[in-house]
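Below, each chain spelled out in residue letters.
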Amino acid sequence: MKNQLDFEKPIFELRRKLEELRKHPVPSHGVSFEEEILKIEEKMLETSRQIFSNLTAWQRVQVARHPLRPFTLDYIQMAFTDFQELHGDRLYSEDRAMVGGFARLGGHKVMVIGTQKGRDTKENILRNFGSAHPEGYRKALRLMRLADKFGLPIITLIDTAGAYPGVGAEERHIAEAIAVNLREMMLLESPTIAAVIGEGGSGGALGIGVTDRVLILENAYYSVISPEGCAAILWKDRAAAAKAAEALKITARNLLELGLVDEVVPEPLGGAHNDPAATAASLKKHLLAQLDALAKVPVAQRLKQRYDRFRAHGHILEKQAAA
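In this report, the structure presented in the accompanying data block is examined.

The rules we used
- Residues numbered from 1 in each chain as written.
- Predicted model: local features only at pLDDT ≥ 70, side-chain atom pairs only at ≥ 80, totals over all residues.
- Heavy atoms only, no water.
- Helix = DSSP H or I, 4+ residues; strand = E, 2+ residues; numbered from the N terminus.
- Rg over C-alpha atoms; globule rule 2.2 N^0.38 Å.
- Buried < 20%, exposed > 50% of the residue type's maximum accessible area, 1.4 Å probe, protein only.
- Contact = heavy atoms within 4.5 Å.
- Lys, Arg positive; Asp, Glu negative; His and termini not counted.
- Charge placed at Lys NZ, Arg CZ, Asp CG, Glu CD.
- 1 Å grid on protein atoms, 1.4 Å probe; cavity = no way out; pocket = protein on both sides within 12 Å on 5 of 7 lines; lining within 4 Å.
- Points joined across faces, edges and corners; volume = space filled by probe spheres on them.
- Nonpolar A, V, L, I, M, F, W, Y, C, P; charged D, E, K, R; others polar.
- Patch = residues over 30% accessible without salt bridge, like charges linked within 9 Å, V, L, I, M, F, W, Y side chains within 5 Å.
- Areas by Shrake-Rupley, 256 points an atom, 1.4 Å probe, with all protein chains shown as cover.
- Salt bridge = Lys/Arg side-chain N within 4 Å of Asp/Glu carboxyl O.
- Polar contact = N/O pair within 3.5 Å; in protein donor to acceptor, adjacent residues only side chain to side chain.
- Axes fitted to C-alpha atoms, helices over the stretch in contact; angles between N-to-C directions.
- Parallel < 35°, antiparallel > 145°, perpendicular 65-115°, else oblique.
- Core = buried A, V, L, I, M, F, W, Y, C linked by side-chain atoms within 4.5 Å.

**What to know about the overall build of the chain**
Along the backbone of the chain there are 14 helices and eight strands. Relative to the compact-globule value of 20 Å for 323 residues, the chain shows a C-alpha radius of gyration of 22 Å, a close match. When its C-alpha atoms are laid out on the principal axes, the chain stretches across 75 × 60 × 45 Å. By residue count, 49% of the 323 residues in the chain fall in the buried class. Expressed as a percentage of contacts within the chain between residues at least 6 apart in sequence, the contacts between residues at least 24 apart total 71%. Averaged over its 43 positive side-chain charges, the chain has a centre that lies 3 Å from the centre of its 41 negative ones.

**Describing the environment of Leu86**
Within the secondary structure layout, Leu86 lies in the loop between strand E1 (81–85) and strand E2 (98–105). Sequence separation of Leu86 and Gly101 is 15 residues, and the distance between their C-alpha atoms is 4.9 Å. Sequence-distant contacts of Leu86, defined by excluding residues within four places in its chain, comprise Gly100, Gly101, Phe102, Met111, Lys139, Arg142, Leu143 and Leu146.

**With respect to the layout of surface pockets**
Considered as a void within the structure, the largest pocket measures approximately 580 Å³ in volume. Lining the largest pocket are 21 residues, with Leu206, Tyr222, Val224, Leu260 and His313 sitting closest to its centre. Elements with a minimum of two residues in the lining of the largest pocket: helix H8 (174–187), helix H9 (202–206) and strand E7 (221–223). For the lining of the largest pocket, the element with the most residues is H9, which contributes three residues. Here the residues of the lining of the largest pocket are counted per class, giving 14 nonpolar, six polar and one charged. Lining the second largest pocket are 17 residues, and of these Glu8, Ile11, Phe12, Arg15 and Asn274 sit closest to its centre. Mapped onto the lining of the second largest pocket, the elements with two or more residues apiece are helix H1 (9–23) and helix H2 (33–52).

**Quick notes on a nonpolar patch on the surface**
A contiguous nonpolar surface patch, about 310 Å² in accessible area, is contributed by Ile233, Leu234 and Trp235. For Trp235, the position within the fold is in the loop between helix H10 (227–234) and helix H11 (241–248).

**Here's the deal with the side chain of Thr160**
Within the fold, Thr160 resides in strand E4 (residues 154–160). Here Gly162 takes part through its backbone nitrogen, which lies 3.0 Å from a polar atom of the side chain of Thr160. Residues contacting Thr160, with those up to four places away along its chain left out, are Thr115, Lys117, Gly130, Ser131, Glu199, Gly200, Gly201, Gly204 and Ala205.

**Section: the packing of H10 against H11**
One can describe the packing of H10 onto H11 by two numbers: an axis separation of 8 Å at closest approach and a directional angle of 105°. If you check the angle between H10 and H11, you find them roughly perpendicular. Of H11, the residues touching H10 (which contributes Pro227, Glu228, Cys230 and Ala231) are Ala241, Ala244, Ala245 and Leu248. For the contact of H10 with H11, the residue count by class is seven nonpolar, no polar and one charged.

**Some words on the nonpolar core**
Counting residues in hydrophobic clusters, the biggest one holds 57 residues, and the most contacted among them are Phe80, Tyr137, Leu157, Tyr222 and Leu283. Beyond its immediate stretch of four places on either side in the chain, Phe80 contacts Tyr75, Ala103, Arg104, Leu105, Val110, Val112, Ile155 and Leu287. Within the second largest apolar cluster, seven residues are counted, among which are Leu5, Ile11, Phe52 and Val63.

Shape descriptors only; they carry no functional weight alone.
This is how it looks when you write it as structure tokens:
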């Protein structure tokens with residue numbers, strides 16, 4: 001109940017009623033106890049379908065930030081096997097907000113890299129709330145180059161509000177670290193896939209997102225700026241975040257229509273946190289399909305396609321208004 005989102009209130013009210021009925025069955029004339037439970041369960045399912053099929057952009061942002069939503073290491077545990085984490089950028093230090101290492105995905109040996117948030121205050125401090133420092137992006141690039149050396153596919157999992165904007169990050173050149181990643185990821189010969197699993201915020205997300213294919217979970221978002229940041233700039237009021245989220249076109253459906261992502265990975269009803277195992281299985285299925293497809297494309301052609309797709313971003317042809 002403490003993780004209930006505002007728009008989920010009707011679902012939680014029905015769930016509370018169902019739990020009370022199971023604990024303290026109330027005799028009802030002409031209606032059996034089992035029938036009453038079945039009716040409430042059916043109503044819960046229908047209410048959930050109605051709510052989650054009509055979420056606004058801001059509501060999807062709230063689902064993407066849900067504290068119980070699976071994180072990168074959760075997906076690595078559920079969808080991958082034989083994960084061997086690698087540490088350090090070999091230049092400055094280890095960044096716990098960026099994790100990565102060798103793993104297997106189905107029959108493929110891969111390098112998997114992703115931003116990692118924390119579940120509680122202690123872990124969030126350790127993971128810096130999923131916002132990587134320059135050394136995190138340099139570690140990611142080191143692992144990508146290692147994978148490229150051995151011809152291993154590279155999979156990145158994106159879940160960050162953005163790169164860390166603190167003084168230390170600026171002193172160690174966060175912009176340069178991300179810029180180098182953008183350039184070098186464009187040149188990697190290994191097949192590359194990025195999947196936005198939660199928040200995809202600004203350059204912090206793009207720093208590991210320049211890939212052959214970009215997937216996004218149904219309730220994730222991918223944006224040049226957070227809705228709150230956009231609202232503060234354009235409306236001078238962070239309370240206008242819902243309006244900003246709508247204007248930014250940051251939902252999976254919007255991004256697919258704009259050609260900024262290649263595929264939307266469906267989530268269980270109610271979001272990934274309602275059934276992490278099913279979400280991981282769905283993600284694994286889509287990643288394997290994309291890996292198999294990329295394996296059939298010659299390297300030179302794949303590199304050209306990767307370059308062309310990102311160069312085309314931002315080229316929008318607006319429809320002419322009817323006379």
